[in-house]
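Overview (structure and organization)
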Amino acid sequence: MTEQVIVNGIYSGVQYALIALGLTLIFALMNVLNFAHGQMYVLGAFVTYYVYGVLGLPFWLALVATALTLGIVGVLFEKFLFRPVLRRSSREESSMLLAAGTALLLESLILIVFGEKHRGVPSVVSGVIKIGDAYLPMGRLLVIVLSAILIGGFILFMQYTKPGRALRALAQDREAAQLQGVDVGTYSMIGFAMGAMLAGMAGAMLVAISGVNSGLGTWISIKAFIMVMIGGAGVVSGAIVGGLILGMIESIGYQMLPGGETYLFIFIGLIIFLAIRPHGLMGKPWG
Amino acid sequence: MQLEATEIHVNYDHVRAVTGVSLSVGEGETVALIGANGAGKTTMLRAITGLTRPDSGEIRYEGHRLDTMAPNDIVRAGIAMVPEGRRVFPYMSVKDNLLIGAFARTDKNGVNATLEMVLGRFPRLKERYSQAAGTMSGGEQQMLVIGRALMAKPKLLLLDEPSLGIAPKLVQDIARSIVAINRDEKVSVLLVEQNSRMALRISHRAYALATGAVALEGASKELLQDDRVKRLYLGGEL
């Protein structure tokens, strides 16, 4: 029993970390809370549904198509929506309202294009493995492995490549980064696109497990906000830790409270936690 | 002249920060910009680096107009700035702070050579190579941002208050480094300082700003002996 709870927790936690990573990246770079993050996840799921489920093309091709689509959405959002607003207004409400607007826009577009039905796709891999007393379907193992690869790749990119360094510099001190020759416009766009891609990839993997419908976005965004609040906004390690913690708590909650009160307790717990530690576990009081 | 700013006016939200300042820096020169807080020194540096657009006036560097260029292109043209308050990237290692300084460069071998030079000049940075920059002392951070600016291999180095908040003993070290950089690396220097005595000692020429305009200019040696400078900037009654 315990082992099953842990396996479920890791499965949820790793994909959650992937979602939180994208959200925290956009926040760190642009000081924008991307309300449309859940909708980007849903869009990613629908692109994979279409390419893999409807057209019957290979799953990996669907992942590539998803990454490309979300990358383009990210670029367009940054260049034509967030950049002009951030340039004209320094008030945080402006970008927040815009972010909320983009969430509604994306959700409506998804509804028009893909309809309101819940959609699923055939399993990518079949079979179940047994770890101790716990069962882990191969499909879920694939999600764990792919998510871990994406998270690992992201960290390596940020730590050891020139563009990764530029993104970190931009997040820590925008003006000082400009003085090193970093083009703020280009790198904000790259960062926003990467954040959107991470959300989309999570959606793409999940559609093969639990399916997707157009109304799922807001709930995913809320979960992503919870994770980022637990771990600390704008910090890569915080997003990963926040994701794993939420996944594990959720798994324990679903085991012990079959009635669905899990998130009631998670929200109460979060309020108490934030009162004690407003910056989250890894959060830095960014000045 | 390598850098020539003519009749620069800058307003911040209708507050006039700089009103008609003209200044120049010749190749190989160290030029000091002194004056009290709010005299417009930092604003002039921000205008040169493109962080602030002048409302009118012209800035030319090796014949190119700077006042229409983006900050990241101005770096590529050969101007590096050490901003006020140090502004290291606090959560990045010393190594990454230095490497990001060379972000605009594409000559990998040249970057390695510059890195060797910087670490040779500031051995402390070598000791702290993997440490997060934000955990270092103020003096060490100041060395880091000077090193970071040198990593861009600039032809003109702008320094904004490098002595601010630094232990007096280290101020001497930093002053010596500036002289050495100017001499050994053939980098022209435009130095903004409230520590006027230090700035006048290590510079060839100087401008004294007061409320957004040039009040005095001339050879630093002469300004050090000037009664008005003594009275206004070198202690005594204000």
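Use the structure listed above.
This report concerns the structure included in the present document.

**Concerning the overall build of chain B**
The helix and strand inventory of chain B stands at ten helices and ten strands. For 238 residues, the compact-globule formula gives about 18 Å, and the C-alpha radius of gyration of chain B, at 17 Å, lands near that figure. Based on the C-alpha atoms only, the size of chain B along its principal axes is roughly 45 × 40 × 35 Å. Each of the 238 residues in chain B was classed as buried or not, and the buried ones make up 47%. By sequence separation, contacts in chain B at least 24 residues apart represent 67% of the contacts at least 6 residues apart.

**Observations regarding the pairing of strand S10 (residues 213-219) of chain B**
Here is the key point about a regular strand: its side chains alternate between the two faces of the sheet. Residue and element names in this part refer to chain B. Relative to S10, strand S9 (residues 205-210) runs antiparallel, the two being bridged by six bridges. The partner of Ala208 across the bridge, within S10, is Leu216. Taken together, S9 and the strand that follows it, S10, pair antiparallel across an intervening segment of two residues, in which Thr211 is found at a positive phi of about 40°.

**What to know about the sheet that holds S10(B)**
Residues and elements named next belong to chain B. Read across the sheet, six strands follow the order S6-S7-S8-S3-S9-S10 without closing on themselves; strand pairing throughout is mixed. Every other strand in the sheet has two partners, leaving strand S6 (79-82) and S10 as the edge strands with one partner each. On average, each strand axis in the sheet is inclined to that of its neighbour by 15°, with strand direction left out of account. As judged from the four bridges shared by strand S3 (residues 30-34) and S9, these two strands associate in the parallel manner. Looking across to S9, one finds that Val31 is bridged to Arg205. Each of S6 and strand S7 (156-160) touches helix H6 (residues 138-151); the most contacted strand, S6, lies at about 170° to it. With respect to the sheet, helix H7 (residues 168-184) is in contact with S3, S7 and strand S8 (188-193), its orientation differing from that of S8 by roughly 160°.

**Notes on helix H9 (residues 217-231) of chain A**
Residues and elements named next belong to chain A. End to end, H9 covers 21 Å across 15 residues, agreeing with the expected 21 Å (1.5 Å per residue, within 8%). Of all 15 residues in H9, twelve are buried, a share of seventy percent or more. Buried within H9 we find Gly217, Ile220, Ser221, Lys223, Ala224, Phe225, Ile226, Met227, Val228, Met229, Ile230 and Gly231. Lining the buried residues of H9 we find helix H1 (2-30), helix H2 (37-54), helix H4 (92-114), helix H10 (236-256) and helix H11 (262-276).

**Side note on the interface of chain B and chain A**
If you look at the interface, chain B gives 20 residues, while chain A gives 15 residues. Within the residue set of the side of chain B that touches chain A, elements represented by two or more residues are helix H2 (71-76) and helix H3 (94-101) of chain B. For the side of chain B that touches chain A, the class distribution of residues is 14 nonpolar, three polar and three charged.

**Remarks on the sheet that holds strand S2 (residues 15-25) of chain B**
Residues and elements named next belong to chain B. The strand order across the open sheet built from four strands is S2-S1-S4-S5, with neighbouring strands paired in antiparallel fashion. Each edge of the open sheet carries a strand with a single partner, namely S2 and strand S5 (64-65). Running at roughly 115° to strand S1 (residues 3-12), helix H1 (residues 41-49) makes contact with S1, S2 and strand S4 (56-61) of the sheet.

The rules behind each value
- Residues numbered from 1 in each chain as written.
- Chains lettered and ligands numbered in written order.
- Predicted model: local features only at pLDDT ≥ 70, side-chain atom pairs only at ≥ 80, totals over all residues.
- Helix = DSSP H or I, 4+ residues; strand = E, 2+ residues; numbered from the N terminus.
- Rg over C-alpha atoms; globule rule 2.2 N^0.38 Å.
- Buried ≥ 20, exposed ≤ 12 C-beta atoms within 10 Å, placed from the backbone.
- Contact = placed C-beta atoms within 7 Å.
- Pairing = 2+ DSSP bridges.
- Axes fitted to C-alpha atoms, helices over the stretch in contact; angles between N-to-C directions.
- Expected span 1.5 Å × (residues − 1).
- Nonpolar A, V, L, I, M, F, W, Y, C, P; charged D, E, K, R; others polar.

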